[in-house]
Amino acid sequence: MKIKHLIIGLFATLSLQSAIAQDYPTDYLSPEFHAGRRAAFKEKMSDKGVGIFFASQTRQRSNDTEFQYAQNKNFYYLTGLEEPNAVLLLFKQPVTLLGKTGTEFIFVQNRDPFKELWTGKILGTEGFKAKSKMENVFINDQFTSSAISLAGVDSVYTLYRTEGIFAKYQVKPDPLTRMASLVDSLVISNAKPLASRSTLNTLRNLRGIKLPEEIALIQKAASISVLGHNDVMRAVKPGMKEYQAQAIMEYHFKKEGSEYPGYNSINGAAENACVLHYITNLKTIKEGDLLLSDCAAEYHGYSADVTRTVPANGKFSEAQKALYEIVLAAQDAGIAACKAGAPFSDIDAASRAVVNAGLIKLGIVANEKEARTYFPHGTSHHLGLDVHDLGPRVLAAGVVVTVEPGIYIPAGSKCDKKWWNIGIRIEDDILITEKGNVNLSQGSPRSVAEIEKMAAQKSIF
């Protein structure tokens, strides 16, 4: 009888644990991923070098409220920790700190029942050990001048002086500033060189080539973004506010598990579409306007970056269509240039050539120099943990980039008035492979006919 009850109890416990596990997402990057990234970084260090990486600081929004915390992307890449007030030390060769020998040491914030009552659980040393499988985990109070020495170090691989983590006029210095100040004083007193350029180059090459698990997260972010863009195509109409288009977009992001938008959502109609990073989103969308929506989801730290330009009334005018077709052809040319082994600059060159020729043919400009007035930004950037991510200057398998040509003709431009207040950008997220490229955001229509067809469908709103 006792054995029967024990078995029933065991199954009940396992069922409860399974149910709890299903309550939260399970597709985060694994501890093995972050351990592999640390190992790859250490491989690029000198034998007597130390890598020092800090978490992001918290930022006050107003009075006693803070902005939602966002982790330093390099720190997250190497640790997976999403809490503040932490520092990671990496060594090429084993050293001993605080009685522990190894090549990896992390100092995290201590658990605090009062703080946890207000803002949620803090991992502490044991929680982070279980999460990360790292062995040498200490409380950040233990990060002191007596515990940390740079005496035997020949190079310090770090970016802390460019990350804004020092606060000169603080009422109460926070743990992060204290630890960063300690590192800075040790660097200065021991006259140790900062290998900042080498650090950045290593991270650029590592983060620029996405591993399969990273690509899966970017694909998820892109797929969520596509849902939002497609429903805005269906829902947009004259009389709608720009912020209502934003709300539809971001509803889909949150509904599908995106923690945040990847960046401030851009929803600009008519003249506002000619402002590259317009985020006010207050204008009433009118009959005949184009709405440029540059919005994307972030999923488990990885962001998509997608832009579509759609007519408010569901039909492009002749002038709008003429410019749109140029931008679409330019994007197709840029995507075709996304090849392993090609210079990153080839993407911009291919797209810009099409825009230049198109604007000259329409009589909007006389030459390529004038064309840059209406296409003033680059065509591509790397994509990943940052929207404008680190990445190599030569394309390779595993690189993810955007392709986003545009034409923007504000009122008062030196061309026929029929082109004024037309702003168009089309942007997709492109994965480079050995066999070509893959459009991760291809589920959202790009052509005039496809957009007009989707605009005729009903939105859920």
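My aim in this report is to walk through the structure given alongside it, one point at a time. Just so you know, these numbers come straight off a predicted model, no measurement behind them. One numbering rule holds for all chains: residues counted from 1, following each sequence as written. Given that the model is predicted, a residue must reach a pLDDT of at least 70 before its local features are reported, and side-chain atom pairs must reach 80 or more before they are shown or counted; all residues, however, enter totals for whole chains, interfaces and linings. With hydrogens and water excluded, all non-hydrogen atoms of the structure serve as input to the side-chain values.

## With respect to the overall build of the protein chain
To keep things clear, this is the line we draw: Note on conventions: DSSP H or I runs of at least 4 residues are helices, E runs of at least 2 residues are strands, and numbering of each starts at the N terminus. For the exposure calls, accessible area comes from a 1.4 Å probe over protein chains only, and a residue counts as buried if that area is under 20% of its type's maximum, exposed if over 50%, partly exposed in between. We call two residues contacting when some pair of their heavy atoms lies within 4.5 Å.
A count of helical and extended segments in the protein chain gives 13 helices and 18 strands. Principal-axis analysis of the C-alpha atoms gives the protein chain an extent of 75 × 70 × 50 Å. In the protein chain, buried positions account for 51% of the 461 residues. At a minimum sequence separation of 6, the contacts of the protein chain that also span at least 24 residues come to 71%.

## A word on the sheet that holds strand E8 (residues 260–261)
Cut-off, in case you're wondering: Pairing between strands requires that DSSP locate at least two bridges from one strand to the other. Angles here are taken between N-to-C directions and fall from 0 to 180 degrees, while the axes themselves are lines fitted to C-alpha atoms, restricted in helices to the stretch in contact.
One open sheet accounts for 3 strands, arranged E8-E11-E12; its pairing is antiparallel. Each end of this open sheet is capped by a strand with a single partner; those strands are E8 and strand E12 (302–303). Direction of pairing for strand E11 (residues 297–299) relative to E12: antiparallel, over a ladder of 2 bridges. From the neighbouring strand, Glu298 faces E12, where its bridge partner is Ser303. Sheet strands in contact with helix H8 (residues 212–235) are E11 and E12, and its direction is about 145° off that of E11.

## Quick word on the sheet that holds strand E18 (residues 436–439)
Strands sit in the order E14-E17-E18 across an open sheet of 3 strands; the sheet is antiparallel. At either margin of the open sheet sits one strand with a lone partner, and together these are strand E14 (400–403) and E18. Here the average twist between neighbouring strands, direction ignored, is 35°. Two strands pair when backbone bridges link them, and strand E17 (residues 428–433) and E18 are joined in this way by 4 bridges, in the antiparallel orientation. Bridge assignment links Thr433 to a residue of E18, and that residue is Gly436.

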